[in-house]
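# Structure assessment
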Amino acid sequence: MKNNTIAVVLAFFLSSATALGWGGNTHKFIGKEFGKHIPASMGFVVRNVDAISAHSSDPDSRKDAAHPLEQYRHYIDQDIYPEFFTGTLTHNLDSLSAKYGSAYVMDNGILPWAIAWTFDSLVVAFKSQDSSKLILYLSDLSHYVADATMPLHVTNNYNPGGLHSRYETSMINPHLTEIIITPAGVSFVNSPLDDAFSFCAASYPYVDSVIHADSAAKAAAGGSTSSTAYYAALWSNTQTMTGHLIQKATEKLASLIYTASVRAGMPMKIDQLSTSPAVFALQQNFPNPFNPSTMIRYSLDRQALVTLIVYDALGREVRTLVNRELSAGSYEQMFDAGSLTSGVYFYRLSAVPLARRDLVPTEGRNGQVGATVETRSMLLVR
Ligand SMILES: [Zn+2]
């Protein structure tokens, strides 16, 4: 437990770099590098990684009187709860507060909920296509997800021997360019809140590793915790795990953003409650003509590997909107033309039944072997 709130607040202000999560440079790094995992079809995100990166430390600057809860959103002292060690810690904030008292729960940090709440806000922003809110919540999400991979943000023992800012800021800043993020793609996150708890728990084993690395570096530097020798040893001892944690932060962030966009309708299944069998159909986009975005609806009569691809008037592929397995049902897909120029574009839906996906797709409609395909045209007017 943080002994009391005043001590926590003092800790923030006595050392400006203390307890901010990863230092600002690392937040900016994660807030940009996650873009390596994002599918090209997510045009808005791809085009705005620099803005997301630039705002990725904004939540740290909101720890002020106007945002009294902000300071608790960056960490969770999960090891303060006995249930954490038995895998029975509730993810319900009300239940946990009822058991321990809301002040105690707040004081020990609410990072997993901050991730889930920000995710929910991001879904709303994707649905409304509100670009300033999108940047806000994409940046905030990048911040909180990154905090969850800083081991000293997921433990009560958050600043052993003053290690916190040494590890997250002083040590890492000169070495950020040595961290290479490997593209890993994205995956759908079924329950962002449960996943956020798992993600914080996954960082926990690294707490001891960081503390041991600090002790070893101190010994190697003759007891110093400020010399070049100390920092060289600390980096050498933690380089691999730190790179791994930052890679994980970028992957998780990308998957949560992708999931939020899917939840918001990219593509969104629009008849989830219906049990009536759908037919294969591709509808006319709406609005049409459009500028710059339009909605494409389609339905599938069976589970299939689906592609929805946009071509220009010369038949060149300009955007893959959907490329995934989908179950029977109706879907809608937002298409943002981005920087494309005015003119006629074609969009082509292809569905290969999963049992037959080893077959080469062939043109044709119902009853034929292989893919079912339909193409329509739309008009972009700038
Ligand atoms: Zn933070």
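Residues numbered from 1 in each chain as written. Predicted model: local features only at pLDDT ≥ 70, side-chain atom pairs only at ≥ 80, totals over all residues. Heavy atoms only, no water.

## Side note on the overall build of the protein chain
A count of helical and extended segments in the protein chain gives 14 helices and eight strands. Buried positions account for 51% of the 382 residues belonging to the protein chain. Nonlocal contacts in the protein chain, meaning residues at least 24 apart in sequence, comprise 74% of its contacts between residues at least 6 apart. For the protein chain, the computed accessible surface area is about 16,800 Å², with 55% contributed by carbon and sulfur atoms. (Helix = DSSP H or I, 4+ residues; strand = E, 2+ residues; numbered from the N terminus. Buried < 20%, exposed > 50% of the residue type's maximum accessible area, 1.4 Å probe, protein only. Contact = heavy atoms within 4.5 Å. Areas by Shrake-Rupley, 256 points an atom, 1.4 Å probe, with all protein chains shown as cover.)

## Considering the coordination of the zinc ion
By definition of the ideal shapes, four donors in a tetrahedron about a metal sit 109.5 degrees apart, and six donors in an octahedron sit 90 or 180 degrees apart. Taken together, the protein ligands of the zinc ion are H74 (ND1), H143 (NE2) and D147 (OD), with distances of 2.1 to 2.2 Å. The motif formed by the donor residues of the zinc ion, counted along the single chain, is H-x68-H-x3-D. Of the two residues, H143 and D147 both sit in helix 10 (residues 131–147), four residues apart, roughly one turn of that helix. Each member of the pair, H143 as well as D147, is classed as buried. (Donors = N, O, S within 2.8 Å, 3.2 Å for Na, K, Ca; no water.)

## Quick word on the environment of R297
Secondary-structure assignment places R297 in strand 3 (residues 293–300). Residue R297 is classed as partly exposed on the basis of its relative accessible area of 39%. As a C-alpha pair, R297 and Y331 span 34 residues in sequence and 5.6 Å in three-dimensional space.

## Brief notes about the nonpolar core
By size, the foremost hydrophobic cluster in this structure holds 75 residues, and its most contacted members are F34, V45, I115, F126, Y167 and I257. Counting residues per element, this core draws most heavily on helix 14 (residues 228–263), at 15 residues. If you look at the next biggest cluster of nonpolar residues, it comprises 23 residues, including L282, L300, L340 and L380. (Core = buried A, V, L, I, M, F, W, Y, C linked by side-chain atoms within 4.5 Å.)

## Observations regarding helix 13 (residues 206–220)
The end-to-end C-alpha distance of helix 13, which contains 15 residues, comes to 21 Å, matching closely the 21 Å that a straight helix rising 1.5 Å per residue would cover. Tucked inside the fold, the buried residues of helix 13 contact helix 11 (163–171), helix 12 (192–203) and helix 14. Two residues or fewer after helix 13 comes G222, characterised by a positive phi angle close to 65°. (Expected span 1.5 Å × (residues − 1).)

## Observations regarding unusual backbone geometry
With an omega of -5°, the peptide bond between F286 and P287 qualifies as cis. The topology assignment puts P287 in the loop between strand 2 (281–282) and strand 3. P289 follows N288 through a cis peptide bond whose omega is 0°.

## Things to note about the pattern of salt bridges
Using the criterion set out here, one finds twelve salt bridges in the structure. Between K99 and E83 there is a salt bridge, with the nearest N and O atoms lying 2.6 Å from each other. Here K99 is found in helix 7 (residues 93–100), whereas its partner E83 is found in helix 6 (residues 82–86), with 16 residues between them in sequence. Between R316 and D312 there is a salt bridge whose closest N-O contact spans 2.7 Å. Salt bridges sharing partners connect three or more residues here, namely R62, E70, R73 and D140. (Salt bridge = Lys/Arg side-chain N within 4 Å of Asp/Glu carboxyl O.)

## A look at the pairing of strand 4 (residues 304–312)
Taken residue by residue, a regular strand's side chains alternate between the two faces of the sheet. Of all nine residues in strand 4, eight are buried; the element is thus mostly enclosed. Counting the residues that bridge the hairpin from strand 4 to strand 5 (residues 317–326) gives four residues, and of these G315 lies at a positive phi of roughly 85°. Examined bridge by bridge, strand 4 and strand 7 (residues 343–353) share nine bridges and lie antiparallel to one another. Bridging from a neighbouring strand, V310 pairs with Y347 of strand 7. (Pairing = 2+ DSSP bridges.)

## A closer look at the sheet that holds strand 8 (residues 372–380)
Read across the sheet, four strands follow the order 5-4-7-8 without closing on themselves; strand pairing throughout is antiparallel. Every interior strand has two partners, whereas the edge strands, strand 5 and strand 8, have only one. The average angle at which neighbouring strand axes cross in this sheet is 15°, direction not considered. (Axes fitted to C-alpha atoms, helices over the stretch in contact; angles between N-to-C directions.)

## Let's talk about the environment of F199
Among the structural elements, F199 can be located in helix 12. A sequence separation of 50 residues divides F199 from A249, and the C-alpha atoms of the two residues are 9.2 Å apart. Contact partners of F199, with chain neighbours within four places excluded, come to V145, A148, T149, K248, A249 and K252.

## Some remarks on the confidence of the model for the protein chain
Put simply, the protein chain has an average pLDDT of 87, and 87% of its residues get 70 or more. Throughout residues 271–275 the model reports pLDDT below 50, and contacts reaching past four residues in sequence, or to other chains, amount to two contacts. (pLDDT = per-residue confidence, 0-100.)

## Some details on the packing of helix 9 (residues 111–128) against helix 14
Close contact between helix 9 and helix 14 brings their axes to 8 Å; oriented N to C, the two are set at 45°. Considering their axes alone, helix 9 and helix 14 lie oblique with respect to each other. Crossing handedness for the pair helix 9 and helix 14: right-handed. Contacts between helix 9 and helix 14 pair I115, F119, L122, V123, F126 and K127 from the former with L256, I257, T259, A260, S261 and R263 from the latter. (Parallel < 35°, antiparallel > 145°, perpendicular 65-115°, else oblique. Left-handed = near helix turned anticlockwise from the far one by under 90°.)

## Let's talk about the environment of D301
Relative to the helices and strands, D301 is located in the loop between strand 3 and strand 4. Residue classification places D301 among the partly exposed positions, given a relative accessible area of 31%. Looking at D301, its side chain comes within polar contact range of the side chain of R302, at 3.5 Å. (Polar contact = N/O pair within 3.5 Å; in protein donor to acceptor, adjacent residues only side chain to side chain.)

## Concerning the packing of helix 9 against helix 10
Helices that pack against each other are described as a pair by the angle of their axes relative to one another and the distance between those axes. Two elements in contact, helix 9 and helix 10, have axes whose closest approach is 9 Å; the angle formed by their N-to-C orientations is 155°. Taken as axis vectors, helix 9 and helix 10 run roughly antiparallel relative to one another. Both helix 9 and helix 10 take part in a crossing whose hand is left-handed. The segment helix 9 lies against helix 10, with L111, A114, I115, T118, F119, S121, L122, A125 and F126 engaging K133, L134, Y137, L138, D140, L141, Y144, V145 and D147. Its residues assigned to classes, the contact of helix 9 with helix 10 shows 13 nonpolar, two polar and three charged. (Nonpolar A, V, L, I, M, F, W, Y, C, P; charged D, E, K, R; others polar.)

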